[in-house]
Amino acid sequence: MANVNLAIIYYSSTGTNYKLAKWAEEAAKEVGADVKVLKVPELAPQEAIKSNPAWKAHVEATKDVPTVTLNDLEWADAIIFSMPTRFGNIPSQMKQFLDTTGGLWFQGKLANKVVSAMTSAQNAHGGQEQTVLQLYTTMYHWGAIVAATGYTDPAIFAGGGNPYGTSVTVDQNGNMMENVEAAVKHQARRTVQVAEWVKKGLQS
Ligand SMILES: Cc1cc2nc3c(=O)[nH]c(=O)nc-3n(C[C@H](O)[C@H](O)[C@H](O)COP(=O)(O)O)c2cc1C
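The sections below set out a description of the structure shown in this document. (Residues numbered from 1 in each chain as written. Predicted model: local features only at pLDDT ≥ 70, side-chain atom pairs only at ≥ 80, totals over all residues. Heavy atoms only, no water.)

**As for the site of the ligand**
Neighbouring the ligand are 17 residues; S12, T14, T16, S120 and G126 lie closest to it. Measuring from an oxygen atom of the ligand, one finds a side-chain N or O atom of N17 at 2.8 Å. At a separation of 2.9 Å, a nitrogen atom of the ligand approaches a polar backbone atom of F87. Here the ligand, which alone exposes 640 Å², has 76% of that area covered by the protein. Considering only residue class, the shell around the ligand consists of four nonpolar, 12 polar and one charged. (Near = heavy atom within 4 Å. Polar contact = N/O pair within 3.5 Å; in protein donor to acceptor, adjacent residues only side chain to side chain. Areas by Shrake-Rupley, 256 points an atom, 1.4 Å probe, with all protein chains shown as cover. Nonpolar A, V, L, I, M, F, W, Y, C, P; charged D, E, K, R; others polar.)

This is the structure we're talking about:
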């Protein structure tokens, strides 16, 4: 069983990325990882949230999910990020959180974290791959080790074939258009596995 601390850090307005995070949690726990699912702080004004029933309902449903802290980053051997596409980029909420990590980065405490990322978008070609890659740019600056999925499992082809990290298309009602559960679970197990290898290597 894996001796790995995994933080699953997500942002979600209408629940898709929370669902991806929960699938990842399930799979990582099955292989013995110690897992925390954590949301990044919301930045949008209450009026914006209240004007969208799905957003309002999701915020209410996840009010008890803990908010990520810098201590969680120190604790984690591995991190899976999940966030929706915003104009082909990561949401400002996730970026704002990443921009609070300068102190840890300066102390070298983010180097060698094993990371991967997942996303969703309304369109298959609406920036899914690019959003994952934008997140990874920050990871390269951290000195993190990106554990992309590549095509390491048939579930990745079945889930739409994004080799950078699982991504899913959602329609206007929030329904997922591809079945990505198996791909998410494979990605979670792989991230934990790579973190275990790295951890062992660092201890030897
Ligand atoms: C400001 C904004 C920008 C968006 N930009 C894109 C985009 O560039 N491409 C796309 O396909 N979907 C875009 N979307 C749709 C979201 O990606 C989609 O609602 C999201 O993946 C749902 O995830 P969630 O349920 O976790 O919030 C955008 C949505 C918003 C609110």
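**A closer look at the pattern of salt bridges**
Inspection of every chain in the model, using the stated rule, returns nine salt bridges. Here E74 makes a salt bridge to K109, at a shortest N to O gap of 3.3 Å. Remark: K109 occurs in the loop between helix 6 (102–106) and strand 4 (114–121) and E74 occurs in helix 4 (residues 70–75); sequence separation between them is 35 residues. Classification of K109 by relative accessible area gives partly exposed; the value is 33%. When the shortest N-O distance is used, the salt bridge between K185 and E181 registers 2.8 Å. One end of the pair is K185 and the other is E181, both in helix 9 (residues 181–203) and four residues apart, which spans about a single turn. Look at K185 and you get buried, because its relative accessible area is 13%. A relative accessible area of 29% means that E181 is categorised as partly exposed. (Salt bridge = Lys/Arg side-chain N within 4 Å of Asp/Glu carboxyl O. Helix = DSSP H or I, 4+ residues; strand = E, 2+ residues; numbered from the N terminus. Buried < 20%, exposed > 50% of the residue type's maximum accessible area, 1.4 Å probe, protein only.)

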